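The residues making up each chain are set out below.
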Amino acid sequence: MSKKYKLGVLGNPIEHSLSPFIHSRFARNENINIEYLPFKVSDSDFELFIKEFFTDNASKGLNITLPHKNKAADLEGIISNEAKYINAVNTIASNKNSLFLHTTDGIGFISDMQNNKSFSFMNKNVLLIGAGASAESILYRIAKEKTSQISILNRTKSKADRLIRKYSNMAQVNSDLESEKPYDLIVNCSSAGLTGEFKPIENILTKKDTHFYDLNYSLVQTPFCRWASNKSDKIFDGMGMLVFQAAHSFNKWFSVFPETQNVIKDLEAMRE
Ligand code: NDP
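A brief look at the structure comes next.

Quick notes on the rules
Residues numbered from 1 in each chain as written. Predicted model: local features only at pLDDT ≥ 70, side-chain atom pairs only at ≥ 80, totals over all residues. Heavy atoms only, no water. Near = heavy atom within 4 Å. Polar contact = N/O pair within 3.5 Å; in protein donor to acceptor, adjacent residues only side chain to side chain. Areas by Shrake-Rupley, 256 points an atom, 1.4 Å probe, with all protein chains shown as cover. Helix = DSSP H or I, 4+ residues; strand = E, 2+ residues; numbered from the N terminus. Nonpolar A, V, L, I, M, F, W, Y, C, P; charged D, E, K, R; others polar. Salt bridge = Lys/Arg side-chain N within 4 Å of Asp/Glu carboxyl O. Buried < 20%, exposed > 50% of the residue type's maximum accessible area, 1.4 Å probe, protein only. Axes fitted to C-alpha atoms, helices over the stretch in contact; angles between N-to-C directions. Parallel < 35°, antiparallel > 145°, perpendicular 65-115°, else oblique. Left-handed = near helix turned anticlockwise from the far one by under 90°. Contact = heavy atoms within 4.5 Å. Pairing = 2+ DSSP bridges. Phe/Tyr/Trp six-rings, centres within 6.5 Å; stacked < 30°, edge-to-face > 60°. Lys NZ or Arg CZ within 6 Å of the ring centre and 35° of its normal.

Residues in contact with the ligand amount to 24 residues; listed here are only the nearest, Ser134, Asn154, Thr156, Glu197 and Asn216. The separation between an oxygen atom of the ligand and a polar main-chain atom of Ser191 is 3.0 Å. A distance of 3.0 Å separates a nitrogen atom of the ligand from a polar backbone atom of Gly238. Relative to its unbound accessible surface of 920 Å², the ligand loses 80% to contact with the protein. When residues of the shell around the ligand are traced back to their parent elements, those giving at least two are α6 (133-142) and α9 (239-254). Ranked by residues supplied to the shell around the ligand, first place goes to α9 with 3 residues. When the residues that make up the shell around the ligand are grouped by side-chain class, the tally is 9 nonpolar, 10 polar and 5 charged.

Given below as structure tokens:
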């Protein structure tokens, strides 16, 4: 029997995480023996948990989700430039007694858009709704993709303004809604998505092939996707990003990029 690697995802809440299912499928396809568990960990137990988890030689890595991504960027370890810049970590990989800290949310989003939705960011008009950790991880990546311009809309305007200041040397970023050219892509990075608190955005310029992408996902249509449904037929939720960010994490642990399409199909089938 091959060595069994210990992995898991840390968050709070964590009960409904699909990560154990996704990583178990990746590992089975790649013939890698893993145990991947969800761990509900409070803020105060976070550092101790990580320390104890990695004392076991079989422990290969962890995913980090809400609300711990910022805190994980302060862990002792070797942090990637991207994770350091956005101050968020969603993947920890253990190698030769060191912890490597990464973020795979931004690249997960880009991979899903480019590979599965055939979307090119070049010269496109993008609206990001939200200014939290996921919005910044996406902004960091799309700012490098030669977009035409990126608008950021957030409930707390000062947080959108912080991102605009930070990224204005990398792209055209602003907080005003576009008044001339319709948006090519609108991404909902707000966690209001699932709670039903999503508020429709008035006077927004769209066209028939505007892509609407909700980072949130569920077995039923999210409020954002419902709002978009009479505006375009290019409407997606965050299931694809979820699988791709997981695939990039898996790659950090095992240096192989797992098969994603069948895993996405299986998740889609759960909705039917
Ligand atoms: P953060 O907590 O960092 O940011 C939350 C954002 O949502 C902030 O902009 C916040 O605005 C906004 N928000 C929260 N509640 C409301 C509300 N009632 N009305 C309007 N805006 C609100 O979270 P993340 O950025 O990490 O995650 C955002 C969402 O994306 C989550 O639901 C998460 O599950 C999902 N996600 C999905 C991924 C995937 O792979 N599909 C990957 C990562 C995240 P304010 O600044 O005003 O507080």
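The structure having been displayed, the exposition proceeds.
Opposite charge on two side chains permits them to pair, given that their charged atoms come into close proximity. Summed over all chains, the structure comprises 13 salt bridges. A salt bridge links Glu136 to Lys166; the nearest nitrogen and oxygen atoms lie 2.6 Å apart. Within this pair, whereas Glu136 is found in helix α6, its partner Lys166 is found in helix α7 (residues 157-167), the two being separated by 30 residues in sequence. Looking at Glu136, the relative accessible area reads 3%, which means it is buried. Using a relative accessible area of 24% as the deciding quantity, one classes Lys166 as partly exposed.

Turning our eyes to something else, we now look at the packing of helix α1 (residues 19-30) against α9. α9 packs onto α1 with a crossing angle of 50° between their chain directions and a minimal axis gap of 10 Å. Taken together, the axis directions place α1 and α9 in an arrangement best described as oblique. Where α1 crosses over α9, the two elements pack in a sense that is right-handed. Residue-level contacts link Ile22, His23, Phe26, Ala27 and Glu30 of α1 to Leu242, Val243, Ala246, Ala247, Ser249, Phe250 and Trp253 of α9. Across the contact of α1 with α9, the residue classes tally to 9 nonpolar, 2 polar and 1 charged.

Our focus in this paragraph is the sheet that holds strand β9 (residues 173-174). Taken together, the 6 strands give an open sheet; going across it, the order is β9-β8-β7-β10-β11-β12, and neighbouring strands pair in parallel fashion. The sheet is open, and its two borders are formed by β9 and β12 (234-236), each paired with just one other strand. As paired strands, strand β10 (residues 185-188) and strand β11 (residues 211-214) are joined by 4 bridges and run parallel to one another. Note on β11: the bridge partner recorded for Val187 is Tyr213.

This part is about the environment of Arg226. On the secondary structure map, Arg226 appears in helix α8 (residues 223-228). Separated by 130 residues in the primary sequence, Arg226 and Lys96 have C-alpha atoms spaced 48 Å apart. Here the side chain of Arg226 touches Gln221 through a polar contact of 3.2 Å, landing on its backbone oxygen.

Here we take up the sheet that holds strand β4 (residues 78-79). The strands making up a sheet associate through hydrogen bonds between their backbones, and the pairing can be parallel or antiparallel. Spatially, β2-β1-β3-β5-β6-β4 is the arrangement adopted by the 6 strands of the open sheet, whose pairing is mixed. Among the strands making up the open sheet, the edge pair consists of β2 (34-40) and β4. Of the strand pairs in this sheet, strand β5 (residues 91-95) and strand β6 (residues 98-102) are connected by 5 bridges, and their pairing is antiparallel. Residue pairing for β6: Ser94 is matched across the bridge by Leu99. Strand contacts of α1: β1 (5-11), β2 and β3 (59-64), with the helix running at about 170° to β2, the strand carrying the most contacts. On the sheet, helix α2 (residues 46-53) packs against β1, β2, β3, β5 and β6 and is oriented at approximately 155° with respect to β3.

Let us look at the packing of aromatic side chains. In this structure the tally under the stated criterion is 19 aromatic pairs. For the pair Tyr213 and Phe236, a centre-to-centre distance of 6.5 Å together with 45° between the ring planes defines the contact as tilted. Residue Tyr213 is found in strand β11, and its partner Phe236 is found in strand β12; the two are separated by 23 residues along the sequence. A relative accessible area of 0% places Tyr213 in the buried class. Here the aromatic residues Phe109, Phe119, Phe121, Tyr213 and Phe236 are joined through ring pairs into a cluster of three or more. The ring centre of Phe119 lies 4.8 Å from the NZ or CZ of Lys124, which sits over that ring. Above the face of the Tyr85 ring, Lys166 is positioned so that its terminal group lies 4.8 Å from the ring centre.

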